[in-house]
Amino acid sequence: MVWPRRPPAARGPWAGFALRRVVRLFVSLAVLVTASFGMIHLVPGDPVRAALGVTADPALIAARQHTLGLDRPLPEQFWNFVTGLAQGRLGASITTELPVAQIVADRLPATLEIALPAFLVTMLVGVPLGMAAAVVTRERRRGELAFTSITGAIGAVPEFLLAVGLIALFAVALPVLPVASRAGLASYILPILSLALVPVVMLARIVRVETLKVLGEDYMRTARAKLLPARLVYIRHALPNLLTSSLTIGGLLLTSLIAGTVLIENVFAWPGLGMTIVQAITQKDYPLVQGIVLVYGAAALIITFAVDVAVAMADPRSTIRGS
């Protein structure tokens, strides 16, 4: 028995969507690699001399330039850089001479240990909070004004100032949590809270608006007319229709959380990539800065790609709209 083939039109939107997203990802990665390669060559003067100091031995400078390949023609440097990336090599640090890939591998877990829990807190708190706020403030003007005022005020505070305020409250005025170090579960609370608090309130504000739109739809009125329990109405009917927007916003928030670790790690002396890149900038260790920028940029692009795929799976109509 020969099964009928699926019409090409049925596969077209998905195939076109997948092709566009993959091409966009590789083009973005190519731009990122090219820009990060040009970072060292756009630095005024000699990056090796800038890192080692003006009093460094010329022989040492020449040897370090040779080690980094900076004494070779520019096209050859770019080719070596790209082939090295393909093999998982990010070059070597000027100041420590350690492989950048090794430094990243040592520091990346510490960054993920606060970025990923902060993302989970954001999603697990922000979405229910936004839905609850929509239900409570739907017909209460004062409640809406209070919610938007409080969340707007919190969302306007920069993360590093929020971290300093949390330190002043929970480590100075009420010395119940450690300020710095990476020892024990208590040391994770303030960094994660500093990273997650602003995204939680911003996500809650957006989810509240989306929930209000969903609550006004005909199918929600039908569900309430069936006298279903409120829990089933919100979980089975409202939440699935918020999934697409929540996933999109969640991906953007995860990208911002990873970038936000740069400030938070330096406030809490957290030994992750954020603190490492600031140290590398102050030491003018440009290959190390280059490698960490590549990691941050690639993570942001991959997260965006994963979110696009997840949204397409949750709402297949997005593939048609995208075409």
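Higher on the page you've got the structure.
No experiment lies behind these values; they were computed from the predicted model shown. (Residues numbered from 1 in each chain as written. Predicted model: local features only at pLDDT ≥ 70, side-chain atom pairs only at ≥ 80, totals over all residues. Heavy atoms only, no water.)

Describing the overall build of the protein chain
A count of helical and extended segments in the protein chain gives 13 helices and zero strands. Helices (α) and strands (β) of the protein chain occur, in sequence order from the N terminus, as α-α-α-α-α-α-α-α-α-α-α-α-α. Expressed as a percentage of its 323 residues, the buried residues of the protein chain come to 36%. Of all intrachain contacts in the protein chain linking residues separated by at least 6 positions in sequence, the fraction that spans at least 24 positions is 74%. Surface exposure of the protein chain reaches about 17,800 Å², of which carbon and sulfur atoms provide 70%. (Helix = DSSP H or I, 4+ residues; strand = E, 2+ residues; numbered from the N terminus. Buried < 20%, exposed > 50% of the residue type's maximum accessible area, 1.4 Å probe, protein only. Contact = heavy atoms within 4.5 Å. Areas by Shrake-Rupley, 256 points an atom, 1.4 Å probe, with all protein chains shown as cover.)

A short note on the pattern of salt bridges
If you walk through the whole model with that rule in mind, you get two salt bridges. Ionic pairing is found between aspartate 308 and arginine 21, a salt bridge with its closest N-O pair at 3.2 Å. Taken together, the residues span a long stretch of sequence, with aspartate 308 in helix H12 (residues 286–314) and arginine 21 in helix H1 (residues 8–42) at a distance of 287 residues. On the accessibility criterion, arginine 21 (13% relative accessible area) is buried. Among the ionic pairs, glutamate 144 bridges to arginine 208, the shortest N-O distance being 3.2 Å. You can see glutamate 144 sitting in helix H6 (residues 141–155) and its partner arginine 208 sitting in helix H8 (residues 186–215), a full 64 residues away along the chain. (Salt bridge = Lys/Arg side-chain N within 4 Å of Asp/Glu carboxyl O.)

Points about the packing of helix H5 (residues 100–137) against H8
It is at 5 Å that the axes of H5 and H8 come closest, and there the two elements cross at 35°. The crossing of H5 and H8 is right-handed. Looking at the contact of H5 with H8 residue by residue, the classes come out as 25 nonpolar, five polar and two charged. (Axes fitted to C-alpha atoms, helices over the stretch in contact; angles between N-to-C directions. Left-handed = near helix turned anticlockwise from the far one by under 90°. Nonpolar A, V, L, I, M, F, W, Y, C, P; charged D, E, K, R; others polar.)

Brief notes about the environment of leucine 124
Positionally, leucine 124 belongs in helix H5. A relative accessible area of 65% means that leucine 124 is categorised as exposed. The sequence separation of leucine 124 and valine 200 amounts to 76 residues, and the corresponding C-alpha distance is 8.9 Å.

Brief notes about the side chain of arginine 208
Since its relative accessible area comes to 6%, arginine 208 is described here as buried. At a separation of 3.1 Å, a polar atom in the side chain of arginine 208 contacts the side chain of threonine 137. Setting aside residues no more than four positions away along its own chain, arginine 208 makes contact with Gly130, Ala133, Ala134, Thr137, Glu144, Phe147 and Thr148. (Polar contact = N/O pair within 3.5 Å; in protein donor to acceptor, adjacent residues only side chain to side chain.)

Some details on the nonpolar core
Ranked by internal contacts, the top residues of the largest apolar core, which has 53 residues, are Leu203 and Ile292. Residue assignment for this core shows that the elements contributing at least two residues are H1, H5, helix H7 (159–173), H8, helix H10 (230–267), helix H11 (273–282) and H12. It is H5 that provides the largest number of residues to this core, a total of 11 residues. Aside from chain neighbours lying at most four places away, what touches leucine 203 is Thr122, Met123, Gly126, Val127, Ile249 and Leu253. Judged by nonpolar contacts, the second largest core, of five residues, contains Val48, Ala51, Ala56 and Ile61. (Core = buried A, V, L, I, M, F, W, Y, C linked by side-chain atoms within 4.5 Å.)

Overview of a nonpolar patch on the surface
Together, Leu120, Val121, Leu124, Val125 and Leu129 give the surface a local cluster of nonpolar side chains, amounting to about 430 Å² of exposed area. Relative to the elements of secondary structure, valine 121 occurs in helix H5. Owing to a relative accessible area of 34%, valine 121 belongs among the partly exposed residues under this scheme. (Patch = residues over 30% accessible without salt bridge, like charges linked within 9 Å, V, L, I, M, F, W, Y side chains within 5 Å.)

Focus: the packing of aromatic side chains
Between two aromatic rings, the relevant description is the distance of the centres plus the angle of the planes. In the structure shown here, the tally under the stated rule is three aromatic pairs. Ring geometry for phenylalanine 37 and phenylalanine 78: centres 5.1 Å apart, planes at 75°, overall edge-to-face. Of this pair, phenylalanine 37 sits in helix H1 while phenylalanine 78 sits in helix H4 (residues 74–86), and the two are 41 residues apart along the sequence. Judged by relative accessible area, phenylalanine 37 falls into the buried class, the value being 11%. Seen in terms of ring centroids, tyrosine 188 and tryptophan 270 are 5.0 Å apart; in terms of plane orientation they differ by 75°. Their pairing is edge-to-face. In this pair, tyrosine 188 is assigned in helix H8 and tryptophan 270 in the loop between H10 and H11, connecting sequence segments 82 residues apart. Owing to a relative accessible area of 1%, tryptophan 270 belongs among the buried residues under this scheme. Pairwise contacts between aromatic rings join Phe37, Phe78 and Phe81 into one cluster. (Phe/Tyr/Trp six-rings, centres within 6.5 Å; stacked < 30°, edge-to-face > 60°.)

Considering the packing of H5 against H11
As a packed pair, H5 and H11 sit with axes 8 Å apart at the nearest point and diverge in direction by 130°. In terms of orientation, H5 and H11 fall into the oblique class. Of the residues in H11, those in contact with Ile103, Val104, Arg107, Leu108 and Thr111 of H5 are Leu273, Gly274 and Thr276. By residue class, the composition of the contact of H5 with H11 is four nonpolar, three polar and one charged. (Parallel < 35°, antiparallel > 145°, perpendicular 65-115°, else oblique.)

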